[in-house]
Amino acid sequence: MTSTRVGFNRSRLRGAALSLACVLLCACSGQQSAITPQGPVADRIAWFFWIMTGVAGAILALVLFLLLAGVFRGRQQAQSKPLTYIQSRNLVLVSGVVMPVAVLLGFTLFSAMTDRVVAKPLPADALTVEIIGHQWWWEVHYLDNRQRRIATTANEIHIPVGRPVRLLLKATDVIHSFWVPNLSGKTDMIPGKTNTGWLQADQPGTFRGQCVEFCGLQHARMAFWVEAQPAGEFQSWLARQREPAAAPDDPVLARGQAVFLASQCVMCHAVRGTRALGRVAPDLTHFGGRRTLAAASVPNSRGHLAGWILDPQGIKPGNFMPPTALAPDDLSALLDYLHSLK
Amino acid sequence: MTSHERIQAIDSSEEIRLLTEVWRSPPGFFGWFTHVNQTSVGKRFIITGFVFFILGGVLALLMRLQLATPENEFLNPDLYNQIFTMHGITMMFLFAVPIMEGFAIYIIPLMLGTRDMSFPRLNAFGYYVYLIAGAAMYLSLFLGMAPAVGWFAYPPLADAKHSPGMGVDFYATVVTFMEISALVAAVELIVTIFKQRAPGMSLNRMPLFVWSILVMSFMIVFAMPPLMVTSIMLALDRTVGAHFFTPGSGDPLLWQHLFWFFGHPEVYIIFVPALGMISSIIITFTRRPIFGYTALVLSLVATGFIGFGLWVHHMYTTGLPHLAANFFTAASSMIAIPSGVQVFCWLASLWGTRPRFATPLLYVLGFFFIFVIGGLSGVMVASVPFDTQVHDTYFLVAHFHYVLIGGAVFPLFGGLYYWYPKLTGRLMSEGLGKASFWLTFIGFNLTFFPMHYLGLQGMPRRVYTYLEPLGWGDLNLFVSLSSGLLAVGFLATFVNVFRSLKRGRPAGDNPWDADSLEWGTASPPPPYNFRYIPVVMGRYPLWEHLKNQEVPVVTGIRSDRRELLVTSLLDAHPESRSKMPGPTVWPLLLALAVGIGFGGFIFHNIFPVVGFILSFIAIVGWFWPRQLAREAREESS
């Protein structure tokens, strides 16, 4: 009876431990993870992290061993057997002073060496991307080597694989923080200041980034995607982004454009090549090519886009986009038009 | 004839009656508002602090409910942001600092062998300020207009343009107001510790808890003014458009420097008293002198100094020059050395001593495990490059809960079990205490350890929700369930507190056979604390008294009025007698007047002037020489 109960408990325990391990090991997507590095900066930091964790684990084990040994040793004996003065002094000097000083000295130097990678100066001709944080979306500009803006997009950053990308990080309203954990650490975007950073992806892939400085109501829904592409693919993407939007070549799309230009959308959004030149909200010139809406809150599907236009406050309460009431045909034409802007 | 017998001989019930009459606090509802005795005020601080701890804990549980599943709609974003802000404000400003001050105010005069604090009316004033400030913050939450900018309130998010409601006004004025309370408590604790120690208690015989409170008080004196200055600047930015923190004309980073110049020492202000509690508990439960008294004192003082040189490690990601930032890595890791010295001094003191495993010691052993983990992750985040990956993520949430709950709340609960018999005259239940410890310990680790991993997997702090595909859902659910276990653990202690009030085993003067003077008087102490001011012959006065079979005492302190013995700073030689004020309602009135000045500033610029005039009236009333004149008459007659 007893033994079965014990066995039952054990198997339950093992089951719980297994499920916890599974949760720990396989649940997260890894697309926004500092310990699944995909670029040199994140890689160096992750490596440093694992070494620190190893040393810290050893120190923790040592301290706990000493604590338990010290406490229970006395407990088993009939008489208490405290350490002598000399033993105590040596214990404190060796494990409380000498060892920490040695470990921390090594740690500080190692940390500074790792930081050299993070703060490495980039070649002068490195691709430069200017990113401006807004409540609650990301404005992205590509600069040429004379620091002029050549292409503009939002909430999605494409980068070439294997090349360092310089980041100019700014904000206009409140402080945000730019972070793509798979590629690099975070840097704050502070109004009135331009911070710099860099990142590089070693493999093609998509990585998620998110604002990490609390920036108000919708801080939680201020994310973006980074897409690392082979150099050729990236160049053709950038060339396309530099172009203004193509004129609609289809009556439905033309109607959609007319709906767009007649609506309040143009007060805030721009579609280069048309009369819509608003600059307080994301540039929509190549909107159809983006994977998400509302700063990576929902996929850029037809249904979500319709919902977003009709009732943006339902998807992301408190954001600055007002609802737009449209007749079903107009809405349908508008959706076709927006998704045609590739 | 031994001195003990001599005492018996000159003792008389008449004198005890006189002392009780002079020192007792007036009874009744209206009398309640006039108490100034340190035991009354200290108890109020402790009880109020635990009430705010429970409120802050409820807010934490609400957050965990919201985060249990992805895209949960239990709380709306605005409410969630208010709740996490209030959780931080509550735990930092309304719980941690005041409760440490509360224990200090209650215990320190008893430990020093004196009858009250140096400035009893100021003490009462500090409590009312604290109560008013806390009530005002919670009023704003119940009205749905609490600040929603985090307890750190970074401008420009906290400026009038980006946070138009009244929440941040509440924050800026109430925080300033609240720190008055911390400052007055610190000043009195310093004066009490320096000038009111029992004769013979030279600085090198002071209990370690007293040392820790001394260091805490000095840290408060230097850390709170920057906070008050900066929160007044924020209030001025908001109300009269001063633009201290506006980009361009001012600088948003100025706020961060000033705030963290307060904010980092704040962590040590909370943590240092806990270290003192640990030393007290270890001495008592090993029944031996502690090893490395001098090293422990120097470590406390070093922590107090180094704590002011670390604030930049909260700002590694703001784009400061990397070389400068790396110096703060070195400074931040340096603080691990005094911590290491202390941990190993305690270990050396515990080694092989067959300590008594009562609940307070269990909490101390729990502290070792949790605090060492928090300290190690603290060294990790002191590194500039690693911090850029984990700053403002759940890794940080895990780290500082390990340090603050492990480093401060566990010793605090140990201290609660330890000193409860002194406060109430009854022991808390050991069985329920041990159950509470294990539930808290296991619940704590299951709640906070997985957060390290969530942070490394990219989960930012202060998010009211997260998307399902990110895969953080399972672990968040696990954390939320564990937080329930943690809450049950804490709750068990509070149940224990209430049950033991009536049903606890009577404690007697010294239930733990402890060494320090607070155990040398009745439990709970009489209003005059000690019948005779003891004379101290060593570091462990009660043990020495036991050894010598006789208790030297001070005589010649008047019993017919509130009078204290003042001693010299270094060696505690008797210097003079000092008359103390009795019960009075003026501290309450002054606190209300100052509260009207600060609180009204939220609504109209005229209120600081009104508050100033009212405060002036209250101060005149406070210092009106009526009582002194009456006593002069009595004395001459």
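Scroll up to find the structure.
None of the values given here were measured: they were computed from a predicted structure.

Undergrad: Is there a simple way to think about the overall build of chain B in this case?
TA: The helix and strand inventory of chain B stands at 21 helices and four strands. Here chain B has a C-alpha radius of gyration of 25 Å; the compact-globule value for 637 residues is 26 Å, and the two agree. In chain B, which comprises 637 residues, the proportion classed as buried is 66%. Within chain B, contacts between residues separated by at least 24 positions form 81% of all contacts whose residues are at least 6 apart in sequence. In the form shown here, chain B has an accessible surface area of approximately 21,700 Å², with 70% of it arising from carbon and sulfur atoms. A gap of 8 Å separates the mean positions of the 37 positive and 35 negative side-chain charges of chain B.

Undergrad: Is there a simple way to explain the overall build of chain A in this structure?
TA: In terms of helices and strands, chain A carries eight helices and twelve strands. Computed over the C-alpha atoms, the radius of gyration of chain A is 28 Å, more than 25% above the 20 Å expected from 2.2 N^0.38 for a compact globule of 342 residues. Expressed as a percentage of the 342 residues in chain A, the buried residues total 52%. Expressed as a percentage of contacts within chain A between residues at least 6 apart in sequence, the contacts between residues at least 24 apart total 62%. Total accessible area on chain A stands at roughly 15,700 Å², and carbon and sulfur atoms take up 62% of it. Side chains of chain A give 32 positive and 21 negative charges; the mean places of these two sets differ by 15 Å.

Undergrad: Before we go on, may I ask you to explain the pattern of salt bridges in this structure?
TA: Any two side chains of opposite charge can pair, so long as their charged atoms come close to each other. Following the criterion strictly, the structure yields 19 salt bridges over all chains and no others. In this structure, the salt-bridge partner of Arg 221 of chain A is Glu 71 of chain B, at a minimum N-O distance of 3.5 Å. Of this pair, Arg 221 of chain A sits in the loop between strand S9 (205-210) and strand S10 (223-229) while Glu 71 of chain B is found in the loop between helix H4 (38-67) and helix H5 (77-112), placing the two residues in two different chains. You can call Arg 221 of chain A buried: its relative accessible area is 11%. Here Arg 255 of chain A makes a salt bridge to Asp 330 of chain A, at a shortest N to O gap of 2.6 Å. Of the two residues, Arg 255 of chain A sits in helix H5 (residues 251-262) while Asp 330 of chain A sits in helix H8 (residues 328-340), which places them 75 residues apart along the sequence. When salt bridges with common partners are traced through the structure, they connect Glu 130, Arg 149 and Lys 170 of chain A into a single cluster.

Undergrad: It is not clear to me how the side chain of Gln 257 of chain A should be interpreted in this structure. Could you clarify?
TA: On the secondary structure map, Gln 257 of chain A appears in helix H5. Residues contacting Gln 257 of chain A, with those up to four places away along its chain left out, are Pro 248, Thr 274 and Tyr 337 of chain A.

Undergrad: I'm lost on the pairing of strand S4 (residues 574-579) of chain B in this one. Help?
TA: As a general feature of sheets, a regular strand has side chains that alternate between the two faces. All names here are of chain B. Of the strand pairs in this sheet, strand S3 (residues 563-567) and S4 are connected by five bridges, and their pairing is antiparallel. Its bridge partner lying in S4, Val 566 is registered against Ser 576. Between the end of S3 and the start of S4, which pair antiparallel, lie six residues, with Ala 572 showing a positive phi angle near 55 degrees.

Undergrad: What is the right way to read the environment of Lys 422 of chain B from this model?
TA: Residues and elements named next belong to chain B. For Lys 422, the position within the fold is in helix H15 (residues 394-424). When neighbours within four sequence positions are excluded, Lys 422 is seen to be in contact with Tyr 106, Leu 110, Asp 509, Glu 518, Trp 519, Thr 521, Ala 522, Ser 523, Pro 524 and Pro 525. A polar contact of 3.2 Å, which involves the side chain of Lys 422, links it to the backbone oxygen of Asp 509.

Undergrad: Looking at this model, I keep getting lost on the nonpolar core. Mind explaining?
TA: The nonpolar side chains of a soluble globular protein tend to be buried, and buried together. Core analysis: the largest hydrophobic core is formed by 279 residues, its most contacted members being Tyr 142 and Phe 178 of chain A together with Phe 50, Phe 103, Phe 368, Phe 386 and Trp 419 of chain B. Leaving out residues up to four positions away in the same chain, Phe 386 of chain B has contacts with Ile 45, Phe 48, Phe 49 and Met 52 of chain A together with Met 380, Val 381, Phe 395 and Leu 456 of chain B. One finds Val 298, Ala 306, Leu 338 and Leu 341 of chain A within the second-largest nonpolar core, a separate group that totals 24 residues.

Undergrad: I tried to follow the interface of chain B and chain A on my own but got confused; where do I start?
TA: It is common to give the size of an interface as the accessible area that goes away when the parts come together. Contacts between the two partners involve 84 residues from chain B and, on the opposite side, 89 residues from chain A. Roughly 7,200 Å² of surface becomes buried between chain B and chain A when both sides are summed, with 71% attributable to carbon and sulfur atoms. Applying the counting rule to chain B against chain A returns one salt bridge. Across the chain B-chain A interface, the total number found is 18 residue pairs in polar contact (both at pLDDT 80 or more). At the level of elements, H5, helix H9 (252-286), helix H11 (322-334), helix H12 (336-350), helix H13 (359-381), helix H14 (384-390), helix H16 (430-456) and helix H17 (473-503) of chain B are the ones that each hand at least two residues to the side of chain B that touches chain A. Looking at the side of chain B that touches chain A element by element, the count peaks at ten residues for H12 of chain B. The residue makeup of the side of chain B that touches chain A, split by class, is 51 nonpolar, 24 polar and nine charged.

Undergrad: I tried to follow a nonpolar patch on the surface on my own but got confused; where do I start?
TA: All names here are of chain B. Side chains of Ile 596, Ile 606, Val 609, Val 610, Phe 612, Ile 613, Leu 614, Phe 616, Ile 617, Val 620 and Trp 624 sit close together on the surface and give an oily, nonpolar patch of about 1,000 Å² of accessible area. If you tally residues by element for the nonpolar patch, the top one is helix H20 (residues 607-623), at eight residues. Inspection of the secondary structure puts Trp 624 in the loop between H20 and helix H21 (626-636).

Undergrad: I would appreciate a short explanation of the packing of aromatic side chains in the present structure.
TA: Any pair of aromatic rings gets described here by the distance separating the centres and the angle formed by the planes. Residue and element names in this part refer to chain B. All told, the structure shown has 83 aromatic pairs over all chains when counted by the stated rule. Ring centres 6.2 Å apart and planes at 80 degrees place the aromatic pair Tyr 127 and Tyr 130 in the edge-to-face group. Here Tyr 130 and Tyr 127 lie together in helix H6 (residues 120-142), a separation of three residues that amounts to about one turn. For the pair Tyr 127 and Tyr 130, one class covers both residues: buried. Centroid distance Phe 259 to Trp 260: 5.1 Å. Interplanar angle 85 degrees. Geometry classified as edge-to-face.

Undergrad: Is there a simple way to explain the side chain of Arg 115 of chain B in this structure?
TA: Residues and elements named next belong to chain B. Positionally, Arg 115 belongs in the loop between H5 and H6. Of the side chains with opposite charge, Glu 563 lies nearest to the buried Arg 115, which makes no salt bridge, at 7.2 Å. Engagement of the side chain of Arg 115 in a polar contact is seen with the backbone oxygen of Arg 531, the distance being 2.9 Å.

Undergrad: Just checking my understanding: could you explain the sheet that holds S10 of chain A for this structure?
TA: Adjacent strands of a sheet form backbone hydrogen bonds with each other and so pair up, either parallel or antiparallel. Residue and element names in this part refer to chain A. The strand order S4-S10-S9 describes an open sheet built from three strands, whose pairing is mixed. Only two strands of the sheet have a single partner each, and these edge strands are strand S4 (156-160) and S9. When the angles between neighbouring strand axes are averaged without regard to direction, this sheet yields 25 degrees. Pairing analysis gives six bridges linking S9 to S10, with the strands arranged antiparallel. For Thr 206, the partnering residue across the bridge sits in S10 and is Glu 227. Here helix H4 (residues 231-242) sits on the sheet in contact with S4 and S10, set at roughly 135 degrees to S4.

The rules behind the values
Residues numbered from 1 in each chain as written. Chains lettered and ligands numbered in written order. Predicted model: local features only at pLDDT ≥ 70, side-chain atom pairs only at ≥ 80, totals over all residues. Heavy atoms only, no water. Helix = DSSP H or I, 4+ residues; strand = E, 2+ residues; numbered from the N terminus. Rg over C-alpha atoms; globule rule 2.2 N^0.38 Å. Buried < 20%, exposed > 50% of the residue type's maximum accessible area, 1.4 Å probe, protein only. Contact = heavy atoms within 4.5 Å. Areas by Shrake-Rupley, 256 points an atom, 1.4 Å probe, with all protein chains shown as cover. Lys, Arg positive; Asp, Glu negative; His and termini not counted. Charge placed at Lys NZ, Arg CZ, Asp CG, Glu CD. Salt bridge = Lys/Arg side-chain N within 4 Å of Asp/Glu carboxyl O. Pairing = 2+ DSSP bridges. Polar contact = N/O pair within 3.5 Å; in protein donor to acceptor, adjacent residues only side chain to side chain. Core = buried A, V, L, I, M, F, W, Y, C linked by side-chain atoms within 4.5 Å. Buried area = accessible area lost by both parts, 1.4 Å probe. Nonpolar A, V, L, I, M, F, W, Y, C, P; charged D, E, K, R; others polar. Patch = residues over 30% accessible without salt bridge, like charges linked within 9 Å, V, L, I, M, F, W, Y side chains within 5 Å. Phe/Tyr/Trp six-rings, centres within 6.5 Å; stacked < 30°, edge-to-face > 60°. Axes fitted to C-alpha atoms, helices over the stretch in contact; angles between N-to-C directions.

Just geometry here; none of it tells us what the structure is for.
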